[in-house]
Structures are given as structure tokens and as C-alpha cells.
Amino acid sequence: EPEYPVRLETLGHNALPAGMSGKPDTHFEEYVHAGLQFVLQDRVDRYGQDRLLEPLPDGLVAGHRSPLMLYDAKAAKDGYEITATTIRQFADYVRGFHRRYEAYTGRLYAFLLVSGHFEAEGTLEDRSAQLFAECGVPLRTITSAEMAKTVSLFADRPMYRQAIDWNAVFSKTVITADAVRQNLEARIRDRVIE
């Protein structure tokens, strides 16, 4: 949808785009889910509002070609602040998932956090290390603008989504569309998919 990138970026800053009504954070969760599902072309489960009272993140990337990840979408007007409390909450999500499902799925690859932007972006590496120290899983972050750019990369080339090395993309603490673009350009140069 042509309006997806602008809407995702606006919702990530906890604001409603023109022509939309309702709660921006709920729409943001929906848009992040749709974006992950489109880009990864894999199974992405959204826990959403129907599981609101349970201690769960917003969803799970649980496909066969994608890295296994829990994810959370945090709409924030002034930048999402990742605090020690936030890290403990994410670690609880990870430990709960591993306690219930590790024997079936293996360990999580990462915990993905999506927001309009992050407060104190210079501390993201430290926050990732803190999460890893708490539960053995690193934090990965992407802004709504970078996610929108990533989705746009595949709008005209959806067949390349399966050829991307998503493990390499999600190996960095800060995920950028540029990293995905480089991977995509290498796959285009391979000339296997046309």
C-alpha cells in the first residue's frame, strides 16, 4: 500500500496519520506485524489486544527461514526510553518463552524492538548487552522509518525476500534499511532470481 511507509512512521511517533481514527499504539502494533510478515515472508504471530492482560510482548517471529524472535512495538512521541525496568521486562518475556517452548523451537535469536525513534540512541549497544546478560538473548532495534524503507525495498521485488540473509541483518543491534539494501543488491547481482 502506498501509504504504508508514511503511516508506519507517523504511528511510530504515537500520532495518528490523516484519515485514521483510534489509538495510534494499537495501529502501530498492527502495522509492525504486517510489515514483518511482508518483509520476512514467514510466520509472524501477533499477540495483540486479545492477550492484553497476559505478560507477553506484541508478537513472535516463528518462521522457518527467519530468525526466531520475540518482538515489541512501542509507539513513542519523544523517543522510546529503554530503561533497566524495560530490560527486566523483556528478559522476563524471553525466559517465559524459553521455559515453555525452547524444547520445541530452540532458543530465541533476538528480541526485536520497533519504535518511532529511541531516546539515548548511543546506549542501544549497552542495553543489548544488558539483555544478553539477563537472559542470553540480545536486543535488536529498528525505527519505524527504517522499517518503512525496508518494506519499500521489496514492494517491487517481493521474490527476493526469501533470498535475504535475515540472520546477518538481525545480527546488528541497530537494524537499518541500508544493511538490507546491501544484502538485496548482492542477491540481484547473483542473477539467480529474475
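Here the residue index of a chain counts from 1 through its sequence in written order. With the structure being a predicted model, the display of local features is reserved for residues of pLDDT at least 70 and the display and counting of side-chain atom pairs for 80 or more, all residues being used for whole-chain, interface and lining totals. Values reported for side chains reflect all heavy atoms of the structure, with hydrogen atoms and water molecules removed beforehand.

1. Observations concerning the sheet that holds strand 3 (residues 69-74)
So, point 1. The five strands lie next to each other as 1-2-3-4-5, forming an open sheet whose pairing is mixed. Every other strand in the sheet has two partners, leaving strand 1 (44-46) and strand 5 (139-143) as the edge strands with one partner each. In this sheet, neighbouring strand axes are inclined to one another by 20° on average, regardless of whether the strands run parallel or antiparallel.
So, point 2. Taken strand by strand, helix 5 (residues 144-153) contacts strand 4 (110-115) and strand 5, and its axis lies near 80° from that of strand 5. Only strands joined by at least two bridges in the DSSP assignment are considered to pair. Each helix is a run of DSSP H or I of at least 4 residues and each strand a run of E of at least 2, with the numbering of both proceeding from the N terminus. Convention adopted: a line fitted to C-alpha atoms gives each axis, helices being fitted over their contacting stretch, and angles between N-to-C directions are expressed from 0 to 180 degrees. In this description, contact between two residues means that some pair of their heavy atoms is separated by no more than 4.5 Å.

2. Remarks on the packing of aromatic side chains
So, point 1. By convention, a stacked pair of Phe, Tyr or Trp rings (six-membered ring in the case of Trp) has centres within 6.5 Å and planes under 30 degrees apart, an edge-to-face pair has planes over 60 apart, and any other such pair is tilted. One pass over the full model with this rule turns up seven aromatic pairs.
So, point 2. Consider the rings of Tyr4 and Tyr31, whose centres lie 5.4 Å apart with planes at 10°: the pair is stacked. Of this pair, Tyr4 sits in helix 1 (residues 4-12) while Tyr31 sits in helix 2 (residues 24-40), placing them 27 residues apart in sequence. Considered together, Tyr4 and Tyr31 belong to a single accessibility category, that of buried residues.
So, point 3. Ring centres of Tyr93 and Phe111 lie 6.2 Å apart, and the angle between their planes is 20°; this geometry places the pair in the stacked category. One end of the pair, Tyr93, is in helix 3 (residues 84-105); the other, Phe111, is in strand 4, and 18 residues separate them in sequence. Throughout this description, buried means an accessible area under 20% of the type-specific maximum (1.4 Å probe, protein chains only), exposed means over 50%, and partly exposed covers the range between.

3. As for the pairing of strand 5
So, point 1. The buried count for strand 5 comes to five of five residues, which makes it a mostly enclosed element.
So, point 2. Pairing between strand 4 and strand 5: five bridges, direction parallel. Bridge pairing links Val114 to Ile142 in strand 5.

4. Some remarks on the pairing of strand 3
So, point 1. Extensive coverage of strand 3 is indicated by the burial of six of its six residues.
So, point 2. By the alternation rule, side chains of strand 3 split into Met69, Tyr71 and Ala73 and Leu70, Asp72 and Lys74, which are all buried.
So, point 3. Examined bridge by bridge, strand 3 and strand 4 share six bridges and lie parallel to one another. Bridged to Asp72 within strand 4 is Leu113.
So, point 4. Handedness of the strand 3-helix 3-strand 4 crossover: right-handed. Here is how to tell: hold the view so the strands point away, follow the path from the first strand over the helix to the second, and if it runs clockwise the crossover is right-handed.

5. Digging into the environment of Val6
So, point 1. Take Val6: it is sitting in helix 1.
So, point 2. On the basis of relative accessibility, which here comes to 57%, the residue Val6 falls in the exposed class.
So, point 3. Taking the C-alpha atoms as reference points, Val6 and Gly63, separated by 57 residues in sequence, lie 27 Å from one another.

6. Notes on unusual backbone geometry
So, point 1. Within the chain, Gln41 stands out as a residue other than glycine whose phi angle is a positive 45°.
So, point 2. Backbone geometry places Arg191, a non-glycine residue, at a positive phi of 60°.
So, point 3. Position of Arg191 among the secondary structure elements: in the segment after helix 7 (177-190).
So, point 4. Residue Arg191 is classed as exposed on the basis of its relative accessible area of 61%.

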